[in-house]
Number of protein chains: 2
Amino acid sequence: MDTKAFRALSYGVYVITSQVEGRPVGCVANSVMQITSSPATVAVSMNRDNFTHSALASTGVFAVNVLGEQSNPSLIGRFGFSSSRDTDKFTGVSYEEKQGVPVLHDSCAFLLCRVIDRMETSTHTVFLSEVIDAGVFPPAIAGDPMTYAYYHKVIKGTSPKNAPTYLPEEGEKKPEAGKTSSVRWVCSVCGYVYEGDPLPDGFVCPLCSAPAEKFTRQVG
Amino acid sequence: MDTKAFRALSYGVYVITSQVEGRPVGCVANSVMQITSSPATVAVSMNRDNFTHSALASTGVFAVNVLGEQSNPSLIGRFGFSSSRDTDKFTGVSYEEKQGVPVLHDSCAFLLCRVIDRMETSTHTVFLSEVIDAGVFPPAIAGDPMTYAYYHKVIKGTSPKNAPTYLPEEGEKKPEAGKTSSVRWVCSVCGYVYEGDPLPDGFVCPLCSAPAEKFTRQVG
């Protein structure tokens, strides 16, 4: 089986937000798809280890926030590479609440959803959810919806280990045939790759805000 | 609720193939996503009215064929806008069989899947499926994976009514402010839009191969 075939599947980049005991929580997800049009339902897949999973499983109301190509990429680092269990991910993030659920402003659109059914798998729950409200933000805010391919190619991000799309070999970059070896710095928190050497003074990871000392130098 | 928010979700364009009583069948789908990485599983959503649904529900073995930007767009018309119930969609299509399931050659990659669980919704079944084989084709064949956005923007296709992503207002194109009215011809079979007037002599729909008389003229 050639697992590279999985990389040919297309996804968006979403922040799933909810609340637990009045506290806003959220995480990044790619696995969101519409299932029926009338009533409008979507399926969202989430790893049971994610703290946000407990919010969906308990309150059952959540929002799918659609990130755009112009959304601040630090949202991905903030929501994708730390846990709401021990972090308030919303400090300094612009949002409003709809039915108690945070809706992010720096995005293309949102779907407010209520869980109506679920399917359990070995590691993830697929939540079937009715869309109870939805809205779009002006394209000037976040641009076109960000695809997972754009995130990899342009933003040069990776997948956290809880993601179904995680492939261990993603980090093993080898120099292309005919190219001389190059130097890069890789963020040990989120996998962001800085192409070049040295890392600029005071560099901060644009994805997850990790400081320069969290980067490791790679050659080849 | 602003249903335009649903258009901000990102998808690929896939042909789901299977077989019924030894006969190859298939249809277009957008709603495919990976759920777990080990074992590798994907969820595929399909309208119960689709003939291919009966193949997935009975044999349970099928392939997800990932179309690329350079795949022949007539594959979308052929597999998306006619039914395997009364059409042999595979005439003239290059494919090979894996475990009896057709795998299309004019694509980026394939996932051979076996249904392991299912969740019913009002109109669609979500098939949870284990990936039992997977492969990629050289990029020179079909290019980058086709996104649903590319299909709409570049190929100018629409959604069949069985698709969860179908929005009735898609066909209601209005002239933009400040633009003078324009003339277009719309395929009554698949919704393909030819911008211009008149329709060239002997025109055949590039998506579904419908002849010129299936097109209707629209002004404005």
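You'll find the structure just up there.
Residues numbered from 1 in each chain as written. Chains lettered and ligands numbered in written order. Predicted model: local features only at pLDDT ≥ 70, side-chain atom pairs only at ≥ 80, totals over all residues. Heavy atoms only, no water.

Secondary structure assignment for chain A yields four helices and 12 strands. The globule rule puts the C-alpha radius of gyration for 220 residues at 17 Å, and the 18 Å found for chain A is close to it. Once the C-alpha set of chain A is aligned to its principal axes, its extents read approximately 55 × 45 × 35 Å. For chain A, with 220 residues in total, the buried portion stands at 52%. Taking the intrachain contacts of chain A between residues at least 6 apart in sequence as the baseline, contacts between residues at least 24 apart amount to 63%. Seen as two clouds, the 19 positive and the 22 negative side-chain charges of chain A have centres 5 Å apart. (Helix = DSSP H or I, 4+ residues; strand = E, 2+ residues; numbered from the N terminus. Rg over C-alpha atoms; globule rule 2.2 N^0.38 Å. Buried < 20%, exposed > 50% of the residue type's maximum accessible area, 1.4 Å probe, protein only. Contact = heavy atoms within 4.5 Å. Lys, Arg positive; Asp, Glu negative; His and termini not counted. Charge placed at Lys NZ, Arg CZ, Asp CG, Glu CD.)

The next subject is the pattern of salt bridges. Going through the model one piece at a time under the given rule, you end up with 14 salt bridges over all chains. Two residues, Arg184 of chain B and Glu195 of chain B, come together in a salt bridge whose shortest N-O distance is 3.9 Å. Within this pair, whereas Arg184 of chain B is found in strand S10 (residues 183–187), its partner Glu195 of chain B is found in strand S11 (residues 193–195), the two being separated by 11 residues in sequence. Across the pair Asp197 of chain B and Arg217 of chain B runs a salt bridge, and its minimum N-O distance is 3.0 Å. Placement of the pair is Asp197 of chain B in the loop between S11 and strand S12 (215–219) and Arg217 of chain B in strand S12, with a sequence separation of 20 residues. One salt-bridge network, in which partners are shared between bridges, spans Arg48, Arg118 and Glu120 of chain A. (Salt bridge = Lys/Arg side-chain N within 4 Å of Asp/Glu carboxyl O.)

Residue and element names in this part refer to chain A. Among the residues making up helix H1 (residues 51–58), those that are buried are Phe51, Thr52, His53, Ala55 and Leu56. As for H1, its buried residues are in contact with strand S1 (14–20), strand S2 (23–29), strand S4 (40–47), strand S5 (61–66), strand S8 (109–120) and strand S9 (124–136). In the segment just after H1, Gly60 is the residue with positive phi, at about 75°.

Expressed as a screw operation, the relation of chain A to chain B combines 0.0 Å of axial shift with a rotation of 180°, fitting to an RMSD of 0.1 Å. Look at the turn and shift together and you get a two-fold axis relating the two. Nearest to the rotation axis, the C-alpha of Tyr11 of chain A is located 2.7 Å from it, this being the minimum over chain A. Most of the interface of chain A is mirrored in chain B, where 98% of its interface residues are also at the interface. (Least-squares fit on C-alpha atoms with pLDDT ≥ 70 in both.)

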